[in-house]
Number of protein chains: 2
Amino acid sequence: MNCWHVNEDTFDAKTKNLRSQETVFTIGNGYFCTRGTFEEGYPRATPSTLLFGVFDDIPISEEELANAPDWTPLQLFVNGERFRIDRGTLLSYYRTLDIQNGVLRRSVHWESPGGVQLHVESERFASLADEHLGVIRYSVTIEESPNHQPVTVAIWASIDAAQGNYDVLHWETVDQGHQQNLLWLHSQTRHTLVQLAQTLSFTTSTPGFQKEIVDSDLAPSIRFYGTLTPGVTLTTEKLVVMYTSRDGVEPVNAALTHHQELLDQATRLPEPDIHSALKLDTISAEPVHACTQLYDQLLAQSSVAWKRFWDIADIVIEGDDKAQVSVRYNLYQLRINISPHDSRYNIAAKGLTGFGYRGHIFHDTEIFMLPFFIYEQPEIARNLLLYRYHLLDAARKKASSNGYRGAQYPWESTLSGEETTPTAIIHPETGELVPVLNGMIELHITASIAHAVWEYWRVSGDDEFMRDYGAELLLSTAMFWADRVEHNDERNDYEITNVIGPDEWHEHVNNNAYTNYMARSNIQYALYIFPWLLKNDPAKAEELADKLKLSAKTLNHWRDIIGHLRIPQDLPTRLFEQFDGFFQLDTLPQEKYHGRKDSYQGILGMEQVQKYRIIKQADVLMLLTVMLQDFDLQTKKVNWDYYYPITDHDYGSSLTPALHTILACELGLADVAYKQFMLGALVDLENLRGNTPEGIHAAGAGAVWQAMILGFAGLRVTDNGYTTRPTWPDNWQRLTFNFYYKGQLQHVDLHRQ
Amino acid sequence: MNCWHVNEDTFDAKTKNLRSQETVFTIGNGYFCTRGTFEEGYPRATPSTLLFGVFDDIPISEEELANAPDWTPLQLFVNGERFRIDRGTLLSYYRTLDIQNGVLRRSVHWESPGGVQLHVESERFASLADEHLGVIRYSVTIEESPNHQPVTVAIWASIDAAQGNYDVLHWETVDQGHQQNLLWLHSQTRHTLVQLAQTLSFTTSTPGFQKEIVDSDLAPSIRFYGTLTPGVTLTTEKLVVMYTSRDGVEPVNAALTHHQELLDQATRLPEPDIHSALKLDTISAEPVHACTQLYDQLLAQSSVAWKRFWDIADIVIEGDDKAQVSVRYNLYQLRINISPHDSRYNIAAKGLTGFGYRGHIFHDTEIFMLPFFIYEQPEIARNLLLYRYHLLDAARKKASSNGYRGAQYPWESTLSGEETTPTAIIHPETGELVPVLNGMIELHITASIAHAVWEYWRVSGDDEFMRDYGAELLLSTAMFWADRVEHNDERNDYEITNVIGPDEWHEHVNNNAYTNYMARSNIQYALYIFPWLLKNDPAKAEELADKLKLSAKTLNHWRDIIGHLRIPQDLPTRLFEQFDGFFQLDTLPQEKYHGRKDSYQGILGMEQVQKYRIIKQADVLMLLTVMLQDFDLQTKKVNWDYYYPITDHDYGSSLTPALHTILACELGLADVAYKQFMLGALVDLENLRGNTPEGIHAAGAGAVWQAMILGFAGLRVTDNGYTTRPTWPDNWQRLTFNFYYKGQLQHVDLHRQ
């Protein structure tokens, strides 16, 4: 088994799994991702190329990543018959996503209704070395033809503008043309007016084919026409370069120039020795052509970039191939969905791999994904946090519109930082409108962001970031919480009422333990950082105190809140109460629902489920995971024993299975840890939640890293260094990985004793 | 002034009026309508071809007419420069919709950035003689070129698949190809899987041009390339044939066969005498070619069909050209939006001219449009009512789901007859969800349909229709009302509570006069028709009595309801009360809102407006108009005096201005009648409501006919004949029109005394 390969050996146009596999076989480089649909199409395919931070307006949910004109299409005709895998006779099919090199390959044997047998190989990648570049190599061999006659072959490479996010069309063609052998398509989003240029070259090294350039506003194409003798292979290379107005350039010129440079590079490659190549085999040998060489070179450059990534980020598990592949697959996803140098946008709930959650940014980044980047790709972690810093003004507006000072982050955001949580969604089955309260009362994201700033600083030691950006964010968010808490005169404490905690099945709750604890930490961070800043950069501290109107009185008030903010917990047993009154809710007789096919919320309804002690996802247990080093083992055990059994592990949130692993490892529950871990690691590869068609679970991918490193490896970082304490599932023999600590790369190699 | 022409002499890509003019310049034949966008496109254009009854699914509003792949595009390049009216220099512009012949013509002089001056003429029509056929003639003359050199010309005719209803894409290409000189595109709707074939031919009689056929799944095209000397004209003809799976045929074959027959017909046309044609003028003369002849012939056939329509439906007003053109324009709209032989669908609120109201059918047909058809096109009237008959089962289900027997018609419907009123809409400005109650409690449509059946029968004398369809509909709807009314034991009468009447600004009202009166009439019609049926077709009567479970007891109960259904009216003054308690509402001081730019509902909000005696549209006055012959002049006067001043004439409903004309004529208020009439007649031509971009006001068009014939001409039909009693606005000298009475065409010619 190749532990870098995700494979597929069947194709069925009617299977429901088809759209899920489109997601699984996504390629990308952070600038764009392209779903694993076929070049030739099939009915109800969902081709998608989403560009990092390129949005267009939609009703209700404000805006969504705008599926760009599809750069992948190739159409092949043999003796006038169209090659489509869902028509004719499929003789064999194999597809592999090569995670190591970021390459998707497909090999197909097929027979046309007229009796032509073909072997078609395609290979595509989004260059990790050149983020504007997508490349496809497509080759066709006639294996048999009626009477062994040569077969006429037409092959068309196009860019197709008629693509939507499902049914919603976002682009309109501005202009189109060609310049020598380069086609260009200039599009703009219909509402936000983002400009996109896509240039196309299409080449072949096979002799005897005529080339035609077909201009068109909707599907400009370059086409080859010729004849193939059985046994001979036609190999073509399709290159597409993409630039948008977000790149700060005039995109058409930028794309044409860039693309022309690539082609010029090909002509500068050493002359191939056609004669000696031909000598090898008079039938199947192809002349080695500059374009073929260019393809190989571009692929090699991209592979080198991938190697640099894996040299740091790879985790090697000896003894468990399935876990090995799936862990790598999750790391691959964490890489392809983020642009490493653009802090104006962030990693969406589904990354760039599908239309789910419309490219909106959630707390998923800070709670689930950021630890991977902090430890493995700290420069990206810094950008992810800079995104939040850029949104500070918008967060201040949100706080202010609710009557508070400071900064309140939106539950969902895109580019501007305005709240983009829809106020209602359309129920996917009933078609009815369901109100959504999260944008109004799910508050904890603000504290999660502050915590993420703190963690980044703690592990990276990036004082400059803390001084220039982090401190202001910590102080501004603390100020929001200090205004948001209410003083309870009767109990003489502070409380936070009417919220939704991480467990979203209980709405309008008071004093959610997670929210209150994280809010308190947020204020604590601020109280720590202000004196730190005063000491390290007094001018900056003065400037912030002025800007944010910080006074000694403010800081004293914050101290008072820290001392008296209610965190519902039964102190003798150390058991947290998820929120005020949670212990008084009815017990749900889960055994009555054995064999269910839906979540408890789905079965009981949104109103009824609130009455029960049954939760969608880790809430108290998330607190114990996120603030891992704040709690002793006894606290973890008692809360695990209480909350783990009342969590809907099967149909609740996909976010927490891999997170549960960390606590299970601490508690020595290796079997539970492994089971939960694999549920998280395979969530998309096996479409375990049924919603992989709408995109991968990006937060889950981050949680898989956390489960591996903070869970199984037991890595703990303090100011004085780090420790590991491995937990070994059956069969696991060895675990190796790297991570950055205070800017230095560390290598860890753990062996089972 | 040509009183058959709607003209436009300016083009400004930035004007807000652009989309409104797209609607105004729609061509169509009932099978399809095509909006007046340009062949060459401009930014944010809304090209649209909606096919009668071709729907696809959408969220919230169930389904909408699916904008088909655009058959109109033509692209022109001179010396490689693209001709677009929004680029380069527009030297002159003129556009005319010739209502008489259903032809849209545009003439443009334009200069390219490179200095080529062009004259472009285009002419298009949807054949009224062959409903599957759309035709464009497009001609280009080079008027000047740099150094008087010949100019290279490329002209591409395509079908463009990347069209949506605004941003919503409904079609996906199934396959595409060509057969000799005919291109074909086979598409299907993405959810309802309606099949559509479009075939394209593109011809020219100008010598020296090379033809190319370009296959493509998204924009298949036929292209001509050549050179034009200044002064010479290139003339091309684009024909598109469309068939759908609704036509009961395999659409691709049907379209190809039909299209080929048209072309074969061209080759059978007599040989043109090229030499004598050329003799006329050695520079500008064109050889008369078979294709040119074919175009002329197709246009002539369509014109003949239009003449047949106008011979009956035209209304001639002498002395008022503006009124004359606008009346004809409204009659034109009534014709192009209905297929004369397809009773599975009906005339939508916006017909086939735009996306507003998503192609849903309202009571607009029966109350506003049907009178035109009853009097002018009785076969179409019959089909429009057959549509309702086909929905009877669905209406029974709706009644039953609400706990009633009989048939309750949906407030909005499409093909299946299910209720398609959305339960909420997104406010176009605030983005908030606004609940929509009409599908639940706006009941009067059921009685309106029954009344329409009655009126059709009364005027046409079509006993066969009444026997086979009408009677069942009258009895089934009466049965619904009899169950829906509630007995008020205290007052010992019947009432209908919790409804919305025609004035939709007051919701949850009790005993809306219009609703109750119409419901009572519905039951009266049923009570009349059952004995009629028993007498004329006892077997059918028995069958219905059995099917509907009609008993003597039922009929007695109906009689009791008729005698005791509450119709709120102050008997001494004859003033109707719009609903229980309306008289007690607060007076709105309208003078305080002088100069307002929004409706009273928009200004006051949905909640507040309900508290005032201010109404969106005719309600009591609609009752007096619809049941014109039931009320005496005194009743009309007292109600007019009360309700007319409290109606929001400026920003309320567009439906009623033209209806008010009828009462105004009866009351001798010629000036008010004329003012209201013109507000209705010009609603789209002058975009008076600001929403013409979303399509024409089909109900308004019907109301214009009513205003003319039942208002100004004062036509009244009884069982014994008809009378007229004209009202003469200033300048009107003569009024002539035709109408059908008991199957016989009548001609009326009224002269001012």
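All values derive from a computational prediction rather than experimental measurement.

Focus on the overall build of chain A
Stage number 1. Summing up its helical and strand segments, chain A has 20 helices and 32 strands in all.
Stage number 2. With the principal axes as the frame, chain A shows a C-alpha extent of 95 × 60 × 55 Å.
Stage number 3. Considering chain A as a whole, with its 753 residues, one finds that 65% of them fall into the buried category.
Stage number 4. In chain A, the proportion of contacts linking residues at least 24 apart, taken out of those at least 6 apart, comes to 67%.
Stage number 5. Total accessible area computed for chain A in this model is approximately 27,400 Å², and 49% of it derives from carbon and sulfur atoms.
Stage number 6. For chain A, the distance from the average position of its 62 positive side-chain charges to the average position of its 97 negative side-chain charges is 3 Å.

Section: the interface of chain B and chain A
Think of interface size as the accessible area that goes away when the parts come together; that is how it is often given.
Stage number 1. Taken residue by residue, the interface counts 33 residues in chain B and 33 residues in chain A.
Stage number 2. Each partner contributes to the roughly 3,000 Å² buried at the junction of chain B and chain A, and carbon and sulfur atoms together form 46% of this total.
Stage number 3. Applying the counting criterion to the chain B and chain A interface returns 10 salt bridges.
Stage number 4. Between R82 of chain A and D217 of chain B there is a salt bridge, with the nearest N and O atoms lying 2.7 Å from each other.
Stage number 5. Across the chain B-chain A interface, the total number found is 22 residue pairs in polar contact (both at pLDDT 80 or more).
Stage number 6. Counting only elements with at least two residues in the side of chain B that touches chain A, the list comes to strand 15 (168-169), strand 16 (171-179), strand 19 (210-214) and strand 23 (424-426) of chain B.

Some remarks on the pairing of strand 10 (residues 103-111) of chain B
Residues and elements named next belong to chain B.
Stage number 1. Of the pairings in the sheet, the one linking strand 9 (residues 89-98) to strand 10 comprises 9 bridges and is antiparallel in character. Counted as the bridge partner of Y93 is V108 from strand 10.
Stage number 2. Turn length for the strand 9-strand 10 hairpin, with the two strands adjacent in sequence and antiparallel, is 4 residues, and the turn residue G102 shows positive phi of about 65°.
Stage number 3. In terms of strand pairing, strand 10 meets strand 11 (residues 117-126) through 9 bridges, oriented antiparallel. In the sheet register, L104 faces strand 11, and the bridge partner there is R124.
Stage number 4. If you look at the hairpin formed by strand 10 and strand 11, you'll find 5 residues sitting between the two strands, and G115 has a positive phi there, around 95°.

A few points about the confidence of the model for chain A
All names here are of chain A.
Stage number 1. When pLDDT is averaged across chain A, the result is 95; 97% of the residues are at 70 or more.
Stage number 2. Low pLDDT, under 50, characterises residues 274-288; the stretch is placed with 16 contacts to residues that sit more than four places away or in other chains.
Stage number 3. For this predicted complex, the interface confidence reaches an ipTM of 0.91, while the overall pTM sits at 0.93.

Comments concerning the pattern of salt bridges
Stage number 1. Following the criterion strictly, the structure yields 90 salt bridges over all chains and no others.
Stage number 2. The salt bridge partner of R190 of chain B is D167 of chain A, with a shortest N-O separation of 2.8 Å. Of the two residues, R190 of chain B sits in the loop between strand 17 (182-189) and strand 18 (195-204) while D167 of chain A sits in the loop between strand 14 (164-165) and strand 15 (168-169), which places them in two different chains.
Stage number 3. Residues participating in the shared-partner salt-bridge network are D98, R105, E123, R137 and D296 of chain A.

Topic: the sheet that holds strand 8 (residues 81-82) of chain B
Across a sheet, strands are paired by hydrogen bonds formed along the backbone, either parallel or antiparallel in direction.
Residues and elements named next belong to chain B.
Stage number 1. Strand order in the open sheet made by the 5 strands is 8-7-13-20-19, with antiparallel pairing throughout. Every other strand in the sheet has two partners, leaving strand 8 and strand 19 as the edge strands with one partner each.
Stage number 2. Across 2 bridges, the pairing between strand 7 (residues 74-78) and strand 8 is antiparallel. Across the sheet, the residue bridging to V78 is E81, located in strand 8.

A look at helix 13 (residues 538-548) of chain B
Residue and element names in this part refer to chain B.
Stage number 1. For helix 13, every residue scored as buried is listed here: K540, A541, L544, A545 and L548. For helix 13, the arc enclosing every buried residue in end-on projection is 135°, short of the 170-degree limit, so these residues lie on one face. Facing away from the buried side of helix 13 by more than 90 degrees, the exposed set consists of A539 and D546.
Stage number 2. Of the surrounding secondary structure, the elements contacted by the buried residues of helix 13 are helix 8 (392-401), helix 11 (463-484) and helix 12 (513-536).
Stage number 3. Count one or two residues on from helix 13 and you reach K549, which has phi positive near 55°.

The rules behind each value
- Residues numbered from 1 in each chain as written.
- Chains lettered and ligands numbered in written order.
- Predicted model: local features only at pLDDT ≥ 70, side-chain atom pairs only at ≥ 80, totals over all residues.
- Heavy atoms only, no water.
- Helix = DSSP H or I, 4+ residues; strand = E, 2+ residues; numbered from the N terminus.
- Buried < 20%, exposed > 50% of the residue type's maximum accessible area, 1.4 Å probe, protein only.
- Contact = heavy atoms within 4.5 Å.
- Areas by Shrake-Rupley, 256 points an atom, 1.4 Å probe, with all protein chains shown as cover.
- Lys, Arg positive; Asp, Glu negative; His and termini not counted.
- Charge placed at Lys NZ, Arg CZ, Asp CG, Glu CD.
- Buried area = accessible area lost by both parts, 1.4 Å probe.
- Salt bridge = Lys/Arg side-chain N within 4 Å of Asp/Glu carboxyl O.
- Polar contact = N/O pair within 3.5 Å; in protein donor to acceptor, adjacent residues only side chain to side chain.
- Pairing = 2+ DSSP bridges.
- pLDDT = per-residue confidence, 0-100.
- Arc of directions from axis to C-beta.

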